[in-house]
There are 2 protein chains.
Amino acid sequence: MNKDIEYIKRAINLSKKGTYPYGAVIVKDNIVIAEAYSGEGDNLDPTNHAETLAVRKACKNIGSSDLKGATIYSSCEPCFMCFGTIWWANISKIVYAANIEESNKVLNTPIDIGVEELNNKTGNCIKITGGILEEESVKVMEEWLKNKEKI
Amino acid sequence: MNKDIEYIKRAINLSKKGTYPYGAVIVKDNIVIAEAYSGEGDNLDPTNHAETLAVRKACKNIGSSDLKGATIYSSCEPCFMCFGTIWWANISKIVYAANIEESNKVLNTPIDIGVEELNNKTGNCIKITGGILEEESVKVMEEWLKNKEKI
C-alpha cells in the first residue's frame, strides 16, 4: 500500500476518537514520531487541535522544535492556526484528506483561507498534497454530525 | 493614562524578558487575566509565542476556553498562528504596537499576511487596532537584534 494512503488512513482512524472529527500523524524517516486526535489534550486549551497537538508531541518526542524533513498527515486540511504551528515547526510536507470547506460544515465556521494560500504568503516552504481518501474522511465527519444531532 | 496605552506598555515591558522580543497581556472587564513573553513556556514547543502562551494561560485562569469580551494587547502584530489561537479562543479585540514587518526583520521570516487580512478571511469577528506605541516596541526589537549580533 502506498505510504501516503497508509498514514492518511491512520489519521482518519484517529479522527474517529476526537472530540471533533480530526486526526493527525507525523512521520519522519518512515517512522511515526507522533499522532493525535482533536481534544486529546487539555480541554481548556483552545489550541488542542489534532495537528497542533501532534506537532507539540513530535517536538517533545524527538527533542527538537525543528521538524525539517517530517510530513504531517491530517484527516482534514489544517486550519490557519495549525498551519502556523506546522510552519513554525519547519515541517516539510502536508498531506491531507478532506478540504477545509468540509471542516467548516462540521464546526459552522467561516474560514475562507486554506493551506495553499497561506503557504503562498509565507515563503512557499511546504510541499502540500490534498484530497487523499477525502470521501473516507468526510464520512467520519458526517457520522460525527449525525451523532451530535441525536444529543 | 489611556487604558490601551497602559496595557500596551505592559506588553512591551514583557517583550524585554522574552527569548524573542515579544510580550502580550490579556484583559477582560478591566482585569488582567493573563500575560506572557516569548519563550516563557517549554522551549521544545514551537507554539511558545507570547500571544499563544497568554491565551492558554487566560483560559486556564478563568476556567473557560471562550474568551469572548477579552482584549489581547501585544507588543507586535500577532503572526498567523497566534491570530489563529486568538480567533479560536473567541477573543473580541486585538491591540498591538509594531507591525508584522518589524517582526520579519527580527526573525528573518517571509510572513506576508497580517491580522487584518486574516480577519477578513475568517468572518471579521475581531476588532483590531494597530500601531500604538510602535516606536517603543521597535526599540526593544532593535536592542534585541544588537545584543544578538554581539553573541
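Residues numbered from 1 in each chain as written. Chains lettered and ligands numbered in written order. Predicted model: local features only at pLDDT ≥ 70, side-chain atom pairs only at ≥ 80, totals over all residues. Heavy atoms only, no water.

Novice: In this structure, what is going on with the interface of chain B and chain A? I would like to understand it.
Specialist: Where interface size is given, it is often the accessible area lost as the parts come together that is meant. Taken together, the contacts link 35 residues of chain B with 35 residues of chain A. Summed over both sides, the interface of chain B with chain A buries roughly 2900 Å², with 73% coming from carbon and sulfur. Scanning the region where chain B abuts chain A turns up six salt bridges. Note that Asp45 of chain B is salt-bridged to Arg56 of chain A, the shortest N-O span being 2.8 Å. Linking chain B with chain A are nine residue pairs in polar contact (both at pLDDT 80 or more), by the criterion used here. The element best represented in the side of chain B that touches chain A is helix 3 (residues 80–88) of chain B, accounting for seven residues. Grouping the constituent residues of the side of chain B that touches chain A by class yields 16 nonpolar, 12 polar and seven charged. (Contact = heavy atoms within 4.5 Å. Buried area = accessible area lost by both parts, 1.4 Å probe. Salt bridge = Lys/Arg side-chain N within 4 Å of Asp/Glu carboxyl O. Polar contact = N/O pair within 3.5 Å; in protein donor to acceptor, adjacent residues only side chain to side chain. Helix = DSSP H or I, 4+ residues; strand = E, 2+ residues; numbered from the N terminus. Nonpolar A, V, L, I, M, F, W, Y, C, P; charged D, E, K, R; others polar.)

Novice: When you look at the side chain of Glu51 of chain A in this model, what are you seeing that I'm missing?
Specialist: Residues and elements named next belong to chain A. If you trace the backbone, Glu51 turns up in helix 2 (residues 50–62). The side chain of Glu51 sits in the buried core without any salt bridge; Arg56 is the nearest counter-charge, 12 Å away. Engagement of the side chain of Glu51 in a polar contact is seen with the side chain of Ser74, the distance being 2.9 Å. Not counting residues within four places of it along the chain, the set of residues in contact with Glu51 comprises Ala24, Ile72, Ser74, Cys76, Glu77, Pro78, Cys82 and Ile86. (Buried < 20%, exposed > 50% of the residue type's maximum accessible area, 1.4 Å probe, protein only. Lys, Arg positive; Asp, Glu negative; His and termini not counted.)

Novice: I would appreciate a short explanation of the state of the cysteines in the present structure.
Specialist: Where two cysteines share a covalent bond between their sulfur atoms, that bond is called a disulfide. Evaluated as defined, the whole model comprises zero disulfides over all chains. With no disulfide of its own, Cys125 of chain A lies closest to Cys79 of chain B among cysteine sulfurs, the gap being 13 Å. No disulfide involves Cys76 of chain B; its sulfur sits 9.2 Å from that of Cys79 of chain B, the nearest cysteine. (Disulfide = S-S within 2.5 Å.)

Novice: Please explain the environment of Thr71 of chain A as it appears in this structure.
Specialist: Residue and element names in this part refer to chain A. By secondary structure assignment, the location of Thr71 is in strand 3 (residues 71–76). Residues Thr71 and Gly131, spaced 60 residues apart in sequence, show a C-alpha to C-alpha distance of 16 Å. Apart from residues no more than four positions distant in its own chain, Thr71 is found in contact with Val25, Ile26, Val27, Ile91, Lys93 and Val95.

Novice: Would you take a moment to explain helix 3 (residues 80–88) of chain A for this structure?
Specialist: Note: α-helices contain 3.6 residues per turn, so residues at a spacing of three or four share the same orientation. Residue and element names in this part refer to chain A. With nine of nine residues buried, helix 3 is to be regarded as a mostly interior element. Along helix 3, the residues classified as buried are Phe80, Met81, Cys82, Phe83, Gly84, Thr85, Ile86, Trp87 and Trp88. Directly beyond the C-terminal end of helix 3, a positive phi value near 70° is found at Asn90.

Novice: How do you make sense of the sheet that holds strand 5 (residues 127–129) of chain A when you look at a structure like this?
Specialist: All names here are of chain A. Strands sit in the order 2-1-3-4-5 across an open sheet of five strands; the sheet is mixed. For this open sheet the edge positions go to strand 2 (31–37) and strand 5, each flanked by a neighbour on one side alone. Recorded for the sheet is a direction-independent mean angle of 15° between the axes of neighbouring strands. Here strand 4 (residues 93–98) pairs with strand 5 via three bridges, running parallel. Within the sheet, the bridge partner assigned to Ile94 lies in strand 5 and is Ile128. Set on the sheet, helix 1 (residues 3–15) makes contact with strand 1 (23–28), strand 2, strand 3 and strand 4; between it and strand 1 the angle comes to about 145°. (Pairing = 2+ DSSP bridges. Axes fitted to C-alpha atoms, helices over the stretch in contact; angles between N-to-C directions.)

Novice: Help me out: how do you make sense of the packing of helix 3 of chain A against helix 3 of chain B in this one?
Specialist: For any two helices packed against each other, the geometry is given by the interaxial angle and the distance between the axes. The N-to-C vectors of helix 3 of chain A and helix 3 of chain B enclose an angle of 145°; their axes lie 7 Å apart at closest approach. Where helix 3 of chain A crosses over helix 3 of chain B, the handedness of that crossing is left-handed. Here Phe80, Met81, Phe83, Gly84, Thr85, Trp87 and Trp88 of chain A of helix 3 of chain A lie close against helix 3 of chain B, whose contacting residues are Phe80, Met81, Phe83, Gly84, Thr85, Trp87 and Trp88 of chain B. Among the residues making up the contact of helix 3 of chain A with helix 3 of chain B, the classes are represented as 10 nonpolar, four polar and no charged. (Left-handed = near helix turned anticlockwise from the far one by under 90°.)

Novice: For this particular structure, what's the right way to read the environment of Lys93 of chain B?
Specialist: All names here are of chain B. Note that Lys93 resides in strand 4 (residues 93–98). Sequence separation between Lys93 and Ile126 is 33 residues; the distance between their C-alpha atoms is 5.3 Å. In contact with Lys93, other than residues within four places in its own chain, are Asp4, Ala70, Thr71, Ile72, Ile126, Lys127 and Thr129.

Novice: Looking at this model, I keep getting lost on the relation of the copies chain B and chain A. Mind explaining?
Specialist: Mapping between the two chain copies consists of a rotation about an axis together with a translation along that axis. Least-squares fitting of chain B to chain A yields an RMSD of 0.0 Å, with the transformation described by 0.0 Å of translation along the axis and a rotation of 180°. This pairing of chains is accounted for by a two-fold axis. In terms of C-alpha distance to the rotation axis, chain B has Met81 of chain B as its closest residue, with the C-alpha 2.2 Å off the axis. (Least-squares fit on C-alpha atoms with pLDDT ≥ 70 in both.)

Novice: Where do I start with the pattern of salt bridges in this structure?
Specialist: Counted according to the given criterion, the structure contains 20 salt bridges over all chains. Between Glu6 of chain A and Lys3 of chain A there is a salt bridge, with its nearest N and O atoms 3.6 Å apart. Of this pair, Glu6 of chain A and Lys3 of chain A both sit in helix 1, three residues apart, roughly one helical turn. In this structure, Asp42 of chain B and Lys60 of chain A form a salt bridge, with 3.1 Å as the shortest nitrogen-oxygen distance. You can see Asp42 of chain B sitting in the loop between strand 2 (31–37) and helix 2 (50–62) and its partner Lys60 of chain A sitting in helix 2, one on each of two chains. Among the ionic contacts, a cluster of salt bridges with common partners joins Asp45 and Arg56 of chain A together with Asp45 and Arg56 of chain B.

None of this, on its own, says anything about what the molecule does.
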